[in-house]
Amino acid sequence: MVPELDISKLLKQSSFSGLRALYLCRKAYITKKPFIIADVLGVNAGYAHGYIGALTSIGLITFTQNKGMMSVVAVNDEILAKIEEIALSRAKETDEKQGYGWLDTLLQVDEYFK
């Protein structure tokens, strides 16, 4: 049995790459569109796959995989409700302060799942 998790704390303390992986999972779940993670995230695919795998192991995400195509079949309700706002807010704030271009990476995810 997994102890109760503080999802808000998890999202607040996650790296931006982790938030982007969750953002991707939300989009995939809502659209029901399967994807190859490297096609969406490019060089960040390995980290995202590991992050998604870790959250799968504690029951926050459920996905299936067939010939490299991932399909997200479940996402924790609190993550579904909060991830978009948190990821977009962090990306905008960081881009304004440091000019990283994080918002563009989220927009690429949006474009993939149109």
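Fair warning: this is a prediction, and the values are worked out from it, not measured in the lab. The numbering scheme is per chain: residues are counted from 1 as the chain's sequence reads. The model is predicted, so local features are restricted to residues of pLDDT at least 70 and side-chain atom pairs to those at 80 or more, both for listing and for counting; the totals for chains, interfaces and linings are taken over all residues. Just so you know, side-chain values use all the structure's heavy atoms and leave hydrogens and water out.

Chemist: Is there a simple way to explain the side chain of Arg20 in this structure?
Modeler: For Arg20, the position within the fold is in helix H2 (residues 16–31). Summary of the burial criterion: residues with accessible area below 20% of their type's maximum are buried, those above 50% are exposed, and those between are partly exposed, where the area comes from a 1.4 Å probe applied to protein chains only. Under the convention used here, Asp and Glu are negative, Lys and Arg are positive, and both His and the chain ends fall outside the count. Note on definitions: salt bridges are taken to be side-chain nitrogens of Lys or Arg within 4 Å of carboxyl oxygens of Asp or Glu. Buried Arg20, no salt bridge; nearest opposite-charge side chain is Asp95, N-O distance 9.1 Å. Side chain to side chain, Arg20 and Thr105 meet in a polar contact 3.0 Å long. Any two residues whose heavy atoms approach within 4.5 Å at even a single point are treated as in contact. Ignoring anything within four residues of it in the chain, the contact list for Arg20 reads Leu41, Asn44, Thr105, Leu106 and Val109. Strands are runs of DSSP state E lasting at least 2 residues, helices are runs of H or I lasting at least 4, and numbering of each runs from the N terminus. Here a polar contact is recorded for every N or O atom pair within 3.5 Å, except that within protein the pair must consist of a potential hydrogen donor and a potential acceptor, and residues adjacent in sequence are included only if both atoms are side-chain atoms.

Chemist: Even after reading the chapter, I still don't get the pairing of strand S1 (residues 61–66), so can you show me in this structure?
Modeler: Regular strands place side chains that alternate from one sheet face to the opposite one. Here S1 pairs with strand S2 (residues 69–75) via six bridges, running antiparallel. Across the sheet, residue Ile61 finds its bridge partner in S2, namely Val75. Any two strands with at least two DSSP-identified bridges between them are counted as paired.

Chemist: Please explain the packing of H2 against helix H4 (residues 45–57) as it appears in this structure.
Modeler: Packed helices, taken two at a time, are described by the angle between their axes plus the distance between the axes. To obtain an axis, a line is fitted to C-alpha atoms, over the contacting stretch when the element is a helix, and the angle between two such axes runs from 0 to 180 degrees between their N-to-C directions. Axis separation between H2 and H4 bottoms out at 9 Å; the angle between their running directions is 70°. As judged from the angle between their axes, H2 and H4 are roughly perpendicular. Residues Ser17, Gly18, Ala21, Leu22, Leu24 and Cys25 of H2 form the contact with H4, whose participating residues are Tyr47, Ala48, Tyr51, Ile52 and Leu55. Each angle receives one of four descriptions, namely roughly parallel if under 35 degrees, roughly antiparallel if over 145, roughly perpendicular if within 65 to 115, and oblique otherwise.

Taken by themselves, the reported measurements are silent on function.
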